[in-house]
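# A look at the structure
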Amino acid sequence: MVKTDLRYQSYIKILEEELVPALGCTEPISLAYASAKAKDILGCHPEHVILEVSGSIIKNVKSVIVPNTHHLKGLEAACAAGIVAGQSEKELEVIADVNDEEKCRIDDYLKQVKIDVKHVETGHVFDITVKAYAGAHESLVRICDYHTNIVRLEKDGEVLFEIDPEVSKPVKEERVDRSLLTMVDIWDFVESLDTNDVKPILDRQIRYNMTIAEEGLLGDYGANIGSVLLQTNGQHVANRAKAYAAAGSDARMNGCELPVIINSGSGNQGITCSVPVIEYAKELHCGKDKLYRALTLSNLVAIHEKTGIGTLSAYCGAVSAGAGAGAGIAYLQSGDYEAVTHTVVNALAIVSGIVCDGAKASCAAKIAFSVDAGLMGYAMYRSGQEFKGGDGIVMKDIEATIKGIGRLGKDGMRQTNEEIINLMINSGRTVD
């Protein structure tokens, strides 16, 4: 694949679009972003706020700690943080710069201002509307389909901006069509890649995601899955790959105030795609060029898998990312195209039953299992073993299998997602 090829340029652009920084779990941060924007339009701090959100937003915000909020959880905390201390121009880093005084003001705001949460279903799995009121004035911000995609802005009933999410392109720019991704083209791209074209993107991913992984092992976050793995199973590279990835999630799900580089809209998926591959590259002394190619492979495989599933689903995103990591690790060990594709199929066959029950401490354990599945998938290939077409959800080839996984995650698990949401709503959270 030559640089002038449309696919080459598109794949670079996809990496640029997907591998961006975010502070905190991306769903509460998206809510904080919308709330900060609503405050900006209103021109003051709202006296009353109504949040109208899809069930999947409730699921992914309910149990995760919002960074820079004195360890507060939930939709109201994310909204208050965005209103009191948010800088909307920073988008997914909207609450990255919050001082101690502002943290206290977030606490006070939550005590003084009514924030109502309403569960609404519009047909969009990802849907956030923030309605803010002060005196006789009001504002509205709606984000739909992915984390920064604002589709409607209002002030005092006047529409300032609107696109129809059913038919229109995203607000900021036309994103590259992800259907251009295929495994054979991803492999061609990785093999012909000028790594200088991805170096700035991947250097940032390496730096950010390894930093939060190391912090997760140093601190006391959630259930400390990363530390448990190291204490229990030792320092072998396969265990380190799982432990460091889990530790990054330990920290991120439990209020760590460090950013990560996301993949497919998720910090956990960004960590899972990158940290295990980086650990293996260090162990194998592969050098930066091969590491860049392996990370490119891992990231693009995960994006390809996740495209059919969608941003949010009952299908755990760590599964796709773990299979991507397995592909990257296979590449580092001189695996060819056949090795990589068999690794991905094997991994998906092993752990595609993991459900997403929202962002919270146990995500770290799911990440560890997903990375393990990627490693097992490659070990199976090296031993001459594989899951074949017709074995459950494994189809005739890798593209058919990935397409099938997309249908399973997006359509087949829709009712599962609704049941998970019902369980979580009824477990103690009151929404209308």
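Residues numbered from 1 in each chain as written. Predicted model: local features only at pLDDT ≥ 70, side-chain atom pairs only at ≥ 80, totals over all residues. Heavy atoms only, no water.

## Describing unusual backbone geometry
A positive phi angle, near 65 degrees, is found at N68, a position not held by glycine. Locating N68 in the fold gives a position in the loop between α3 (55–61) and α4 (75–85). For N68, a relative accessible area of 4% puts it in the buried group. Even without being a glycine, D145 presents a positive backbone phi close to 80 degrees. Classification of D145 as partly exposed rests on a relative accessible area of 29%. (Helix = DSSP H or I, 4+ residues; strand = E, 2+ residues; numbered from the N terminus. Buried < 20%, exposed > 50% of the residue type's maximum accessible area, 1.4 Å probe, protein only.)

## Topic: the packing of helix α12 (residues 317–332) against helix α14 (residues 363–382)
Running from N to C, α12 and α14 cross one another at 40 degrees; their axes reach a closest spacing of 8 Å. When the interaxial angle is binned, α12 and α14 end up oblique. Read as a crossing pair, α12 and α14 show a hand that is right-handed. On α14, the residues that touch A318, V319, G322, G326, I329 and A330 of α12 are K366, I367, S370, V371, G374, L375 and Y378. Within the contact of α12 with α14, the residues separate by chemical class into eight nonpolar, four polar and one charged. (Axes fitted to C-alpha atoms, helices over the stretch in contact; angles between N-to-C directions. Parallel < 35°, antiparallel > 145°, perpendicular 65-115°, else oblique. Left-handed = near helix turned anticlockwise from the far one by under 90°. Contact = heavy atoms within 4.5 Å. Nonpolar A, V, L, I, M, F, W, Y, C, P; charged D, E, K, R; others polar.)

## Brief notes about the packing of aromatic side chains
Scanning all chains against the criterion turns up four aromatic pairs. Relative to F189, the ring of Y8 has its centre 5.1 Å away and its plane inclined at 65 degrees; by these criteria the two rings are edge-to-face. One end of the pair, Y8, is in helix α1 (residues 6–18); the other, F189, is in helix α6 (residues 183–192), with 181 residues separating them in the sequence. The exposure class of F189 is buried, given its relative accessible area of 0%. By way of ring pairs, the aromatic residues Y8, Y11 and F189 are connected into one cluster. The ring of Y146 carries the charged tip of R175 above its face, separated from the ring centre by 4.4 Å. Over the face of the ring belonging to Y331 we find K290, whose NZ or CZ atom lies 6.0 Å from the ring centre. (Phe/Tyr/Trp six-rings, centres within 6.5 Å; stacked < 30°, edge-to-face > 60°. Lys NZ or Arg CZ within 6 Å of the ring centre and 35° of its normal.)

## A closer look at the side chain of N68
A distance of 2.7 Å separates the side chain of N68 from the backbone oxygen of I95, its partner in a polar contact. Apart from residues lying up to four places away in sequence, N68 is in contact with L23, I95, A96, V98, K103, I106 and E257. (Polar contact = N/O pair within 3.5 Å; in protein donor to acceptor, adjacent residues only side chain to side chain.)

## Observations concerning the nonpolar core
Formed by 127 residues in total, the largest nonpolar core has its most connected members in L51, L75, I128, L297 and L300. The residues touching L300, leaving out its near neighbours within four places in the chain, are Y11, I14, L15, L181, I186 and F189. In terms of nonpolar packing, the next biggest core, distinct from the first, is built from seven residues, I225, L230, A364 and A368 among them. (Core = buried A, V, L, I, M, F, W, Y, C linked by side-chain atoms within 4.5 Å.)

## Here's the deal with the sheet that holds strand β3 (residues 114–119)
Overall, mixed pairing links the six strands, which are arranged β3-β2-β4-β5-β6-β7 in an open sheet. In this open sheet, the two strands that pair with only one neighbour each are β3 and β7 (158–162). Pairs of neighbouring strands in the sheet enclose a mean axial angle of 10 degrees, with direction left out of account. The pairing of strand β6 (residues 150–155) with β7 spans four bridges and is classified as antiparallel. Bridge assignment links L153 to a residue of β7, and that residue is F161. (Pairing = 2+ DSSP bridges.)

## What about the side chain of H342?
Secondary-structure assignment places H342 in helix α13 (residues 337–351). Residue class for H342 comes out buried when judged on its relative accessible area of 19%. For H342, the side chain forms a polar contact with the side chain of E386, separated by 3.1 Å. The contact partners of H342, leaving out residues within four places of it in the chain, are G377, Y381 and E386.

## Examining the pairing of strand β2 (residues 48–53)
Burial analysis of β2 places five of its six residues in the buried class, the great majority of the element. Here β2 pairs with β3 via six bridges, running parallel. The residue of β3 that forms the bridge with E52 is K118. Pairing of β2 with strand β4 (residues 127–134), which is carried by six bridges, proceeds in the antiparallel orientation. Paired with I50 across the strands is K131, a residue of β4.

## Focus: the packing of α1 against helix α11 (residues 288–309)
As a packed pair, α1 and α11 sit with axes 11 Å apart at the nearest point and diverge in direction by 80 degrees. Considered as vectors, α1 and α11 are oriented roughly perpendicular to each other. For the pair α1 and α11, the contacting residues are Y11, I14, L15 and E18 in the first and T296, N299, L300 and I303 in the second. Its residues assigned to classes, the contact of α1 with α11 shows five nonpolar, two polar and one charged.

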